[in-house]
Amino acid sequence: MRPLTLSLILSVLLAAPALAGSALSHEDEFFSLERASLEEVLNLHTSVATRSGMSLRETPGLVTVITREEIQASGARNLVDVLSLVPEFEFAMDVQGVLGLGVRGVWGHEGKVLVMWDGQVYNETLYSTVQFARFPVDQVEEISIIKGPGSAVYGGFAELAVIDIKTRSARSLH
């Protein structure tokens, strides 16, 4: 039984650095955006403005990209908390206590803001509104926002803004 105990202790000691290395990689992954250089941050790629991948510098229009790391660092509990961090976005109550979004001082609740969830239009079909309280923020990987008219690319719902929400893949959930 002694060789078995010795081999068990050796295997635990040999596995400890590997486990510590994986913990560091998760920490490095969590703080990657914070530790990134300015050039790396400005070269983030998005496809919300043109539907083809471009860096933020080359993208036409006012584009805001909110990453998972920024969402976690903000302490946001829901999508309203996340979108409240975006300049020129404000939330207010509409008829019967429904929360609506205004963009640059214009009320955008009646089908003037397009919300997409993994590439699918999320606006409901009757009044083209969006219930912002229904989005689980812990599943969000990235939010890309165009402030300004996006109707030329996305159609009628995109008069004031386009909010493109990408969720985490199963691979990132481990």
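Residues numbered from 1 in each chain as written. Predicted model: local features only at pLDDT ≥ 70, side-chain atom pairs only at ≥ 80, totals over all residues. Heavy atoms only, no water.

Enquirer: Whenever I open this one, the environment of Ser172 confuses me. Can you help?
Expert: Relative to the helices and strands, Ser172 is located in the segment after β10 (161–167). For the pair Ser172 and Glu141, spaced 31 residues apart in sequence, the C-alpha to C-alpha distance is 9.4 Å. (Helix = DSSP H or I, 4+ residues; strand = E, 2+ residues; numbered from the N terminus.)

Enquirer: Hey, could you run me through the sheet that holds strand β6 (residues 106–107) in this one?
Expert: Sheet strands pair by backbone hydrogen bonding; their relative direction is either parallel or antiparallel. As summarised here, the arrangement of the three strands in space is β4-β5-β6, forming an open sheet in which the pairing is antiparallel. A single partner strand is all that each edge strand has here, and the edge strands are β4 (89–93) and β6. Sheet topology places β4 next to strand β5 (residues 99–103); five bridges connect them, and they run antiparallel. Bridged to Phe89 within β5 is Val103. (Pairing = 2+ DSSP bridges.)

Enquirer: I tried to follow the packing of aromatic side chains on my own but got confused; where do I start?
Expert: Where two aromatic rings form a pair, the distance of their centres and the angle of their planes describe that pair. For the coordinates displayed, the defined rule picks out three aromatic pairs. Plain terms: the ring middles of Trp117 and Phe135 are 5.1 Å apart, the flat faces sit at 35 degrees to each other, and that makes the pair tilted. Of the two residues, Trp117 is situated in strand β7 (residues 113–117) and Phe135 in the loop between β8 (120–121) and β9 (140–147); the sequence distance between them amounts to 18 residues. Aromatic pair Tyr122 and Phe135: ring centres 4.6 Å apart, planes at 45 degrees, arrangement tilted. Within this pair, whereas Tyr122 is found in the loop between β8 and β9, its partner Phe135 is found in the loop between β8 and β9, the two being separated by 13 residues in sequence. Each residue in the set Trp117, Tyr122 and Phe135 is aromatic and connected to the rest through ring pairs, giving one cluster. (Phe/Tyr/Trp six-rings, centres within 6.5 Å; stacked < 30°, edge-to-face > 60°.)

Enquirer: Any chance you could explain the pairing of β10 here in plain terms?
Expert: Taken residue by residue, a regular strand's side chains alternate between the two faces of the sheet. For β10, the buried fraction is high: five of the seven residues fall into the buried class. Where β7 lies against β10, five bridges are found, and the strand directions are parallel. Note on β10: the bridge partner recorded for Met116 is Asp164. Note that β9 and β10 share seven bridges and pair antiparallel. Residue pairing for β10: Ile146 is matched across the bridge by Val162. (Buried < 20%, exposed > 50% of the residue type's maximum accessible area, 1.4 Å probe, protein only.)

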